[in-house]
Amino acid sequence: LRVAQMLQCFPNDFALSGQGPATAATYRHFELRAKFAPQPSLSETNSGRYYRLLKLGADVADRHSGATPISAREVLNTQSLVLFMDCRSDAERAVSVLPNAVPQSEVMEADMAEPQLVVAYCCVGANSSAWCEAHADGLWAYKVRFLIGGVASWAHHGGKFVDPRTRQP
């Protein structure tokens, strides 16, 4: 049974226009929908999404208790002092990267000497927290962190991305 045919059974609730596959259905009682299902404001929606993201990041990173997290907000305030290390796959890095980020496979021990922080990141935090935990006993362990919530958290806080080929926004 096609949806349009089924909605014809509710002429007081749905207005149908057009014919065949191009039939459009319009609900006639939008004001009632708001009464029964209040919609959250944009800021409430964004806050809810952000907290779910942080919860997901914490759950994913929970397996790596030796890793130290850092929030995107903290990192955004100190970007010039940070070496960003990208722990994502080549396919993920081909889309975009954080400014001045270096792929994990190219980071050498000597690269970690100069910056005040080495911040590993991935999509949500699983790969980067695993890398941080693996380096928890290293020479630079005191400055190694992982970005909780990964690039999703970075984007939520207004962090910039660059094209990996041109290094331009």
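Read on for a plain summary of the structure. (Residues numbered from 1 in each chain as written. Predicted model: local features only at pLDDT ≥ 70, side-chain atom pairs only at ≥ 80, totals over all residues. Heavy atoms only, no water.)

1. Topic: the nonpolar core
The line we're drawing: Among buried residues, those of type Ala, Val, Leu, Ile, Met, Phe, Trp, Tyr and Cys that are joined through side-chain atoms within 4.5 Å constitute a nonpolar core. Burial classification: accessible surface area is computed with a 1.4 Å probe over protein chains only, and a residue below 20% of its type maximum counts as buried, one above 50% as exposed, and the rest as partly exposed. Secondary structure is summarised from DSSP: a helix means a run of H or I of at least four residues, a strand means a run of E of at least two, and numbering begins at the N terminus for each. Any pair of residues with heavy atoms lying within 4.5 Å of one another is described as a contacting pair.
Counting 16 residues, the largest nonpolar core has M112, W131 and C132 as the members making the most contacts within it. Looking at this core, the elements with two or more residues in it are β4 (82-86), β6 (117-121), α6 (126-134) and β7 (144-147). With sequence-adjacent residues up to four places away left out, W131 is seen in contact with M85, C87, Q104, M112, A120 and V144. Listed in part, the 15 residues of the second largest apolar core include F84, L98, A101 and Y121.

2. Some words on α6
The cut-off we apply is this: What the arc measures is the spread of directions leading from the helix axis to the C-beta atoms.
Taken together, the buried positions of α6 are occupied by S128, S129, W131 and C132. Burial along α6 is one-sided: seen end-on, the buried residues are contained in an arc of 160°.

3. Thoughts on the packing of aromatic side chains
The cut-off we apply is this: Stacked, edge-to-face and tilted are the three classes for Phe, Tyr and Trp ring pairs, Trp counted by its six-membered ring, which pair at centre distances within 6.5 Å; planes under 30 degrees apart are stacked, over 60 edge-to-face, the rest tilted.
Summed over all chains, the structure comprises four aromatic pairs. On the numbers, 6.4 Å between centres and 80° between planes, the contact of F84 with Y121 is edge-to-face. With a gap of 37 residues between them, F84 in strand β4 and Y121 in strand β6 connect regions that are remote in the sequence. Residue classification places F84 among the buried positions, given a relative accessible area of 2%. Given the relative accessible area of 0%, Y121 is considered buried. Measuring from centroid to centroid gives 6.4 Å for W140 and Y142, while their planes differ by 55°, and the two rings are tilted. On the basis of relative accessibility, which here comes to 18%, the residue W140 falls in the buried class.

4. Here we look at unusual backbone geometry
Backbone geometry places N100, a non-glycine residue, at a positive phi of 60°. Its identity is not glycine, yet R167 carries a phi of approximately 60°, on the positive side. The topology assignment puts R167 in the segment after α7 (150-156).

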